[in-house]
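What the coordinates show
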Amino acid sequence: MQAIDRMVDEDVPCEDILAQINAVKSALHKVGQVVLEGHIQHCVRDGIEHGDADQTIAQFTKAVERFANMK
């Protein structure tokens, strides 16, 4: 984000700034995928095996909805 702010301050062309914003969005999306995968491998698995499966599925659904609504 600081790099984008610096680009604006330095009057970098808008097209270049937008390309950098898109790169940041893509990187954040990838991080979200990694976090969601970890959630499935650990939290969801543990919740189904040792907890309340219905509650675990509801929480997982909420997590997927939050991830899907990232903009």
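Above: the structure in question.
Keep in mind the model is a prediction, meaning the values are calculated, not measured.

**What about the packing of helix α1 (residues 2–9) against helix α2 (residues 14–50)?**
Two elements in contact, α1 and α2, have axes whose closest approach is 10 Å; the angle formed by their N-to-C orientations is 175°. With respect to their mutual orientation, α1 and α2 come out roughly antiparallel. Side by side, α1 and α2 meet where Ile4, Met7 and Val8 of the first sit next to Asp16, Ile17, Gln20, Ile21 and Val24 of the second. Looking at the contact of α1 with α2 residue by residue, the class counts come to six nonpolar, one polar and one charged.

**Here's the deal with the packing of α2 against helix α3 (residues 53–68)**
Axis separation between α2 and α3 bottoms out at 10 Å; the angle between their running directions is 175°. With respect to α3, the element α2 is oriented roughly antiparallel. The residues of α3 that touch α2, namely those facing His29, Gly32, Gln33, Leu36, His39, Ile40, Cys43, Val44, Gly47 and Ile48, are Ala53, Thr56, Phe60, Ala63, Val64 and Phe67.

**Considerations on a negative patch on the surface**
A grouping of Asp5, Asp9, Glu10 and Asp11 is seen on the molecular surface, where their side chains present a negatively charged patch. As for its placement among the helices and strands, Asp11 is situated in the loop between α1 and α2. By relative accessible area, Asp11 is classed as exposed at 67%.

**Comments concerning the side chain of Thr56**
In this structure, Thr56 sits in helix α3. Exposure remark for Thr56: the relative accessible area of 8% places this residue in the buried category. Side-chain polar atoms of Thr56 contact the backbone oxygen of Gly47, separated by 3.4 Å. Every residue in contact with Thr56, bar those within four places of it in the chain, is listed here: Cys43, Val44, Gly47 and Ile48.

Parameters at a glance
Residues numbered from 1 in each chain as written. Predicted model: local features only at pLDDT ≥ 70, side-chain atom pairs only at ≥ 80, totals over all residues. Heavy atoms only, no water. Axes fitted to C-alpha atoms, helices over the stretch in contact; angles between N-to-C directions. Helix = DSSP H or I, 4+ residues; strand = E, 2+ residues; numbered from the N terminus. Parallel < 35°, antiparallel > 145°, perpendicular 65-115°, else oblique. Contact = heavy atoms within 4.5 Å. Nonpolar A, V, L, I, M, F, W, Y, C, P; charged D, E, K, R; others polar. Patch = residues over 30% accessible without salt bridge, like charges linked within 9 Å, V, L, I, M, F, W, Y side chains within 5 Å. Areas by Shrake-Rupley, 256 points an atom, 1.4 Å probe, with all protein chains shown as cover. Salt bridge = Lys/Arg side-chain N within 4 Å of Asp/Glu carboxyl O. Lys, Arg positive; Asp, Glu negative; His and termini not counted. Charge placed at Lys NZ, Arg CZ, Asp CG, Glu CD. Buried < 20%, exposed > 50% of the residue type's maximum accessible area, 1.4 Å probe, protein only. Polar contact = N/O pair within 3.5 Å; in protein donor to acceptor, adjacent residues only side chain to side chain.

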